[in-house]
Amino acid sequence: MPSLRDSVDRELLPQHVAVIMDGNGRWAKSRGLSRAEGHRKGAEAIEKLMDAALELSINSVSLYAFSTENWSRPPAEIGALWDLLCAFFDEKLPIMIEKGVRVYHSGSRKKLPARVCRVLDEAVLRTAGNKGLKVNFCLNYGARQEIVTAVNHWAKQAKPGESFSEKKMDEFLYTRDLPDVDLLIRTSGECRISNFLLWQCAYAEFIFLKVMWPDFRSSHLYRAIIEFQKRNRRFGGL
Ligand code: IPE
Ligand code: IPE
Ligand code: MG
């Protein structure tokens, strides 16, 4: 029997896999742990996903880590998330550099604590020359905010009479250096997109998994890609 990993067709890989890492709170609750503990375990799962994506030589991975709507959570939970994020980059940035990962940030810097902006800037800068897996951390990210910001940026520099286009939208989004999303995975059993990469997912295949994010393993990525490879993507054609 070939392993799950060997069952992935390397010729038919998704270029860009987007992941809604959901279920940290429920994972913790079911174990009588704090939500912060769920987020801590969730951060550990990120490395498992990155390693599996690196192993398959996937081009890009986008990780939904904090939405523009997540500000409605209690300040203590939000603070714990920023602490975890800073600790994550402190510990993992050298490993990411070694593995050739290139870090991107999608999202608004407004409202992000200065220390979070600093670690993100450092990660983006220190990996800027890397040619391996692109990992796009979506933090303080909302697709509607992204689209409105992109249109406003374009409008500020547009010449009189110039019109907007799909190509220009692509150039002004946070994801300008990444291909369109081919595969969107959401964990935790919820079947919604929650304001994630609305433009980029126009023709993405969606896979909803029951697993809570802290329990995510490489096998979940392999299974999702095998399922993706069975889909018939028609892009409106026959
Ligand atoms: C996802 O897990 C992580 C973030 C949104 C930061 P949740 O915190 O949403 O976990 P659930 O959905 O409450 O279980
Ligand atoms: C989406 O999860 C955002 C992230 C995973 C960062 P949420 O838990 O915030 O989404 P809803 O509220 O269930 O739609
Ligand atoms: Mg959630």
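Residues numbered from 1 in each chain as written. Chains lettered and ligands numbered in written order. Predicted model: local features only at pLDDT ≥ 70, side-chain atom pairs only at ≥ 80, totals over all residues. Heavy atoms only, no water.

**So, the site of ligand 1**
The immediate surroundings of ligand 1 are formed by M21, D22, G23, N24, G25, R26, R35, H39, A65, N70, R73 and L81. One of the side-chain N or O atoms of D22 is found 2.9 Å from an oxygen atom in ligand 1. Residue R26 places a main-chain N or O atom 2.7 Å away from an oxygen atom belonging to ligand 1. The protein chains hide 87% of the 380 Å² of surface that ligand 1 would expose on its own. Sorting the residues of the shell around ligand 1 by element identifies α1 (24–29) and α2 (35–56) as the ones contributing at least two each. Considering every element that reaches the shell around ligand 1, the biggest residue donor is α1, with 3 residues. (Near = heavy atom within 4 Å. Polar contact = N/O pair within 3.5 Å; in protein donor to acceptor, adjacent residues only side chain to side chain. Areas by Shrake-Rupley, 256 points an atom, 1.4 Å probe, with all protein chains shown as cover. Helix = DSSP H or I, 4+ residues; strand = E, 2+ residues; numbered from the N terminus.)

**Quick word on the packing of aromatic side chains**
Aromatic ring pairs: the centre-centre distance and the angle between the two ring planes describe each pair. Taken as a whole, this structure holds 14 aromatic pairs when the rule is applied. Each ring, one from F66 and one from W82, has its centre 4.6 Å from the other, and the planes form 50 degrees; the classification is tilted. Here W82 lies in helix α3 (residues 75–98) and F66 lies in strand β2 (residues 60–67), a separation of 16 residues in the sequence. One exposure class covers both F66 and W82, and it is buried. When the centroid spacing of 6.3 Å and the interplanar angle of 65 degrees are considered together, the rings of Y141 and Y174 count as edge-to-face. Taken together, the residues span a long stretch of sequence, with Y141 in strand β4 (residues 134–141) and Y174 in the loop between α6 (166–172) and β5 (183–186) at a distance of 33 residues. An aromatic cluster of three or more residues is present, and its members are Y64, Y141, Y174 and F196. (Phe/Tyr/Trp six-rings, centres within 6.5 Å; stacked < 30°, edge-to-face > 60°. Buried < 20%, exposed > 50% of the residue type's maximum accessible area, 1.4 Å probe, protein only.)

**Looking at the nonpolar core**
With 51 residues, the main nonpolar core has L63, F89 and L221 as its most contacted residues. Elements that contribute at least two residues to this core include exactly β1 (16–20), α2, β2, α3, α4 (114–126), β4, β5 and α7 (218–230). Among the elements that make up this core, the one with the highest residue count is α3 (9 residues). Excluding anything up to four places from it in sequence, F89 contacts P94, M96, V103, V119, L120, A123 and F137. With 12 residues, the next largest nonpolar core counts A18, A143, L184 and C201 among its residues. (Core = buried A, V, L, I, M, F, W, Y, C linked by side-chain atoms within 4.5 Å. Contact = heavy atoms within 4.5 Å.)

**A look at the packing of α2 against α3**
It is the contact of α2 with α3, at a shortest axis distance of 10 Å, that shows an interaxial angle of 25 degrees. Relative to α3, the element α2 lies roughly parallel. For the element pair α2 and α3, the recorded crossing hand is right-handed. In this structure, α2 uses R35, A36, H39, R40, A43, I46, E47 and M50 to contact α3, whose residues at the interface are E77, A80, L81, L84, F88, K92, I95 and M96. The class makeup of the residues in the contact of α2 with α3 is 10 nonpolar, 1 polar and 5 charged. (Axes fitted to C-alpha atoms, helices over the stretch in contact; angles between N-to-C directions. Parallel < 35°, antiparallel > 145°, perpendicular 65-115°, else oblique. Left-handed = near helix turned anticlockwise from the far one by under 90°. Nonpolar A, V, L, I, M, F, W, Y, C, P; charged D, E, K, R; others polar.)

**A word on the site of ligand 2**
Lining the immediate environment of ligand 2, one finds I20, M21, D22, Y64, A65, F66, N70, R73, R186, R192 and S194. With respect to ligand 2, the side chain of R186 contributes an N or O atom lying 3.3 Å from an oxygen atom. Within the side chain of S194, a nitrogen or oxygen atom sits 2.6 Å from an oxygen atom of ligand 2. Considered on its own, ligand 2 offers 390 Å² of accessible surface; in the complex 78% of this is hidden by protein. When residues of the shell around ligand 2 are assigned to their parent elements, the largest contribution, 3 residues, is made by β2. Grouping the constituent residues of the shell around ligand 2 by class yields 5 nonpolar, 2 polar and 4 charged.

**Notes on the pattern of salt bridges**
For the structure shown, the criterion picks out 24 salt bridges. Where E205 meets R231, a salt bridge forms, and the shortest distance between an N and an O atom there is 3.0 Å. With E205 in strand β6 (residues 205–208) and R231 in the segment after α7, this pair connects stretches of sequence that are 26 residues apart. R231 sits in the partly exposed class, given a relative accessible area of 29%. Taken together, the shared-partner salt bridges in this structure form one network comprising D22, R26, R186, E190 and R192. (Salt bridge = Lys/Arg side-chain N within 4 Å of Asp/Glu carboxyl O.)

**Brief notes about the environment of Q229**
Note on placement: Q229 falls in helix α7. Residue Q229 is classed as buried on the basis of its relative accessible area of 15%. Along the backbone, Q229 and E11 are 218 residues apart, and their C-alpha atoms lie at a distance of 9.9 Å. Ignoring any residue separated from it by four or fewer positions in sequence, one finds Q229 in contact with S7, V8, D9, L12 and L13.

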